[in-house]
Amino acid sequence: MADESTQLSDFDERLEDPSEDPLFNFDEDTSHGHIFTRKELLKVGHVPESTRIVGRDEEIEAVATELRPIVQQQPPNNTMIYGKTGTGKSLVAQHVTERARRAAEAQGVAVGTVYVDCAQHNTQTRVARSITRSLNESANTGFDIPRSGIGSGEYYDYLWEILDGVYDAVIIVLDEVDRLEDDDVLMQLSRARESGKADCHLGIIAISNKIEYRDELNERVKSSLREEEFVFQPYDANQLREIMNHRRDAFRDDVLTEDVIPLTAAFAAQEHGDARKAIEILRHAGELAERQGADLVQEKHVRDAQEWAEIDRFEELLRGSTTQVKFILYSLAMLTEEHAEDEFSTSRIYERYKRTTERLEASVLSEHRVYELLKEQAFLGVVESTRTGGGRGQGSYLEHRLVQDTDIVLKSVLRDSRLDNLP
């Protein structure tokens, strides 16, 4: 009997036209594969043209005002943008920086732009590496900058030379800046020109979901940043519907039923006007319809997609979390399922956590370490921790509750194969 590789080779020879491969061929007589036309319009992180940006004209103008000096080779102002998830902070920052770069280059000013996701690049070395490698044009600099093997100091040394040799100005967007382990990055970047490290105008746009973030910064960093602050308000239901309508051409004509966009906007409006969530739900609804070979994207697809989007969003919050964190969240979710209350002390969570880890024959952390991890998840917005007053003769202690529905938490953490044996 021929082995599998021989069978595949025989199949390849018989298939003269790869476009006819049945594994990837769409049936023209069905709608399967014919829901979307420009799916990229529904991808998180996609920066659309200005005509598709809704309800942020004032914010665009305000951020542009701070960057406008670079067109005349003057230093731009540093900017801090606050607002809840899905309020257009990253979209506006990237849109305005790209327009600033083009306007400056039209005047003969060499401007570089960098976007850094600090949730992913959360240490000084990772940020320095991301910025340096993004700005490096090896044809001009001759630098081949390694991905690993050197520290932040070496990356900064490369960066200062690149700034001096290639650019008149650079704008750096630090998204989710509150996820950085410390504020040394802000100190290095904001003081680069003043300290004589780089003869290049450097502008920072720092983006945070937490309006109290600036209060936590080192006083020296606050002094060197001297930034302008803007707060982006949530979108209302009408703006969300308009945002969805501006992405309608992501789909083929007439595949969206009339109730799809209003329902998608309504779901997102319930979550503080989160446009990112609305776009995710709309995309997921289309993907569900496509998988089912449906002719139309309907209300049922939106309702199913909402849960899917919630799970994806929760997984994004947990990005980079250890398996131990997932054990803890699973334990808190199961406690919530098993009891009438939804707030639990660290000690109760720890007892449930020990049962979970023992069942999986996993290592068991100390109760103090579980307490520290719960506080970390509270900072990230995954759980909410409140201090009780304590009863008579009792000291106060922290109680923790899940911010998200238990179903969403359980479905999310159980996607991890290492938790396969849990119910």
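Here the structure is a predicted model, which is why all the values come from computation and not from measurement. (Residues numbered from 1 in each chain as written. Predicted model: local features only at pLDDT ≥ 70, side-chain atom pairs only at ≥ 80, totals over all residues. Heavy atoms only, no water.)

**Details of the overall build of the protein**
Thinking step 1. The secondary structure content of the protein amounts to 16 helices and eight strands.
Thinking step 2. The principal-axis extents of the C-alpha atoms in the protein amount to approximately 80 × 60 × 55 Å.
Thinking step 3. Residues classed as buried in the protein amount to 47% of the 423 residues present.
Thinking step 4. In the protein, of all internal contacts separated by at least 6 residues, the share reaching a separation of at least 24 is 71%.
Thinking step 5. Accessible surface computed for the protein: about 21,500 Å², of which carbon and sulfur atoms make up 43%.
Thinking step 6. Placing the 51 positive and 82 negative side-chain charges of the protein at their respective mean positions leaves the two points 5 Å apart. (Helix = DSSP H or I, 4+ residues; strand = E, 2+ residues; numbered from the N terminus. Buried < 20%, exposed > 50% of the residue type's maximum accessible area, 1.4 Å probe, protein only. Contact = heavy atoms within 4.5 Å. Areas by Shrake-Rupley, 256 points an atom, 1.4 Å probe, with all protein chains shown as cover. Lys, Arg positive; Asp, Glu negative; His and termini not counted. Charge placed at Lys NZ, Arg CZ, Asp CG, Glu CD.)

**Thoughts on the packing of aromatic side chains**
Thinking step 1. Across all of its chains, the model carries four aromatic pairs by this definition.
Thinking step 2. Geometrically, the ring pair formed by Tyr156 and Trp160 is stacked, given 5.5 Å between the ring centres and 10 degrees between the ring planes. A residue pair is termed a helical-turn pair when its members lie 3 or 4 positions apart in one helix, as Tyr156 and Trp160 do in helix α6 (residues 152–166) at four residues. Residues Tyr156 and Trp160 agree in their burial class; the two are buried. (Phe/Tyr/Trp six-rings, centres within 6.5 Å; stacked < 30°, edge-to-face > 60°.)

**Some details on the pairing of strand β2 (residues 111–117)**
Thinking step 1. In terms of burial, β2 is a largely internal element, five of the seven residues being buried.
Thinking step 2. Taken together, the seven bridges between β2 and strand β3 (residues 169–175) define a ladder with parallel strand orientation. For Val116, the partnering residue across the bridge sits in β3 and is Leu174. (Pairing = 2+ DSSP bridges.)

**Considering the pattern of salt bridges**
Thinking step 1. A complete count under the given rule lists 26 salt bridges for this structure.
Thinking step 2. A salt bridge links Glu40 to Arg38; its shortest N-O distance comes to 3.0 Å.
Thinking step 3. For Glu40, a relative accessible area of 35% puts it in the partly exposed group.
Thinking step 4. Relative accessible area serves as the criterion here: at 32%, Arg38 is assigned to the partly exposed category.
Thinking step 5. Glu49 is paired through a salt bridge with Arg52; the nearest N and O atoms lie 2.9 Å apart.
Thinking step 6. Residues participating in the shared-partner salt-bridge network are Glu98, Arg101, Arg102 and Glu105. (Salt bridge = Lys/Arg side-chain N within 4 Å of Asp/Glu carboxyl O.)

**So, unusual backbone geometry**
Thinking step 1. Unlike most non-glycine residues, Glu176 shows phi in positive territory, near 50 degrees.
Thinking step 2. As for its position among the elements, Glu176 is in the loop between β3 and α7 (184–190).
Thinking step 3. Judged by relative accessible area, which is 16%, Glu176 ranks as buried.
Thinking step 4. In this model, Glu361 sits at a positive phi of 55 degrees, which is unusual for a non-glycine residue.

**Focus: the sheet that holds strand β7 (residues 383–387)**
Thinking step 1. With antiparallel pairing, the three strands of this open sheet are ordered in space as β6-β8-β7. This sheet does not close on itself; its edge strands, each paired only once, are β6 (344–345) and β7.
Thinking step 2. When β6 meets strand β8 (residues 398–402), the two strands line up antiparallel, connected through two bridges. Bridge pairing in β8 links Phe344 to His400.
Thinking step 3. Against the sheet, helix α15 (residues 367–379) engages β7 and β8, with an angle of about 115 degrees to β7. (Axes fitted to C-alpha atoms, helices over the stretch in contact; angles between N-to-C directions.)

**Concerning the sheet that holds strand β1 (residues 79–82)**
Thinking step 1. Reading across the sheet, the five strands line up as β2-β3-β4-β1-β5 and stay open at both edges, with parallel pairing between neighbours. Unpaired on one side and paired on the other, β2 and β5 (228–231) mark the two borders of the sheet. Strand-to-strand, the axes of this sheet are offset by a mean angle of 15 degrees, without reference to chain direction.
Thinking step 2. Pairing between β3 and strand β4 (residues 201–208): six bridges, direction parallel. The residue of β4 that forms the bridge with Leu174 is Ala206.
Thinking step 3. Against the sheet, helix α3 (residues 89–106) contacts β1, β2, β3 and β4, and its axis sits at roughly 165 degrees relative to β2.

**Things to note about the nonpolar core**
Thinking step 1. Counting residues in hydrophobic clusters, the biggest one holds 37 residues, and the most contacted among them are Ile131, Leu135, Leu163, Leu174, Leu186 and Leu189.
Thinking step 2. Listed by contribution, the elements that provide at least two residues to this core are β1, β2, α4 (124–135), α6, β3, α7, β4 and α8 (219–225).
Thinking step 3. In terms of residue count, α6 provides more of this core than any other element does, six residues in total.
Thinking step 4. What Ile131 contacts, discounting residues up to four positions off in sequence, is Val114, Val116, Leu159, Ile172 and Leu189.
Thinking step 5. Grouped together as the second largest cluster of nonpolar side chains are 32 residues, Ile243, Ala250, Ala278 and Ala305 included. (Core = buried A, V, L, I, M, F, W, Y, C linked by side-chain atoms within 4.5 Å.)

**Details of a negative patch on the surface**
Thinking step 1. On the surface, a cluster of negative charge is contributed by Glu212, Asp215, Glu216, Glu228 and Glu229.
Thinking step 2. With respect to the helices and strands, the residue Glu212 is situated in the loop between β4 and α8.
Thinking step 3. Judged by its relative accessible area of 39%, Glu212 is partly exposed. (Patch = residues over 30% accessible without salt bridge, like charges linked within 9 Å, V, L, I, M, F, W, Y side chains within 5 Å.)

**A closer look at the confidence of the model for the protein**
Thinking step 1. Put simply, the protein has an average pLDDT of 87, and 90% of its residues get 70 or more.
Thinking step 2. Of all secondary-structure elements in the protein, the lowest mean pLDDT belongs to helix α1 (residues 4–14), at 54, while β3 reaches the highest, 97.
Thinking step 3. Every residue in residues 28–32 is under pLDDT 50, and counting partners more than four places away or in other chains gives eight contacts. (pLDDT = per-residue confidence, 0-100.)

**Considerations on the side chain of Asn136**
Thinking step 1. When you line up the elements, Asn136 lands in the loop between α4 and α5 (138–141).
Thinking step 2. Within the structure, Asn136 has its side chain in polar contact with the side chain of Thr141 (distance 2.6 Å).
Thinking step 3. Leaving out residues up to four positions away in the same chain, Asn136 has contacts with Thr141, Phe143, Ile145 and Ile162. (Polar contact = N/O pair within 3.5 Å; in protein donor to acceptor, adjacent residues only side chain to side chain.)

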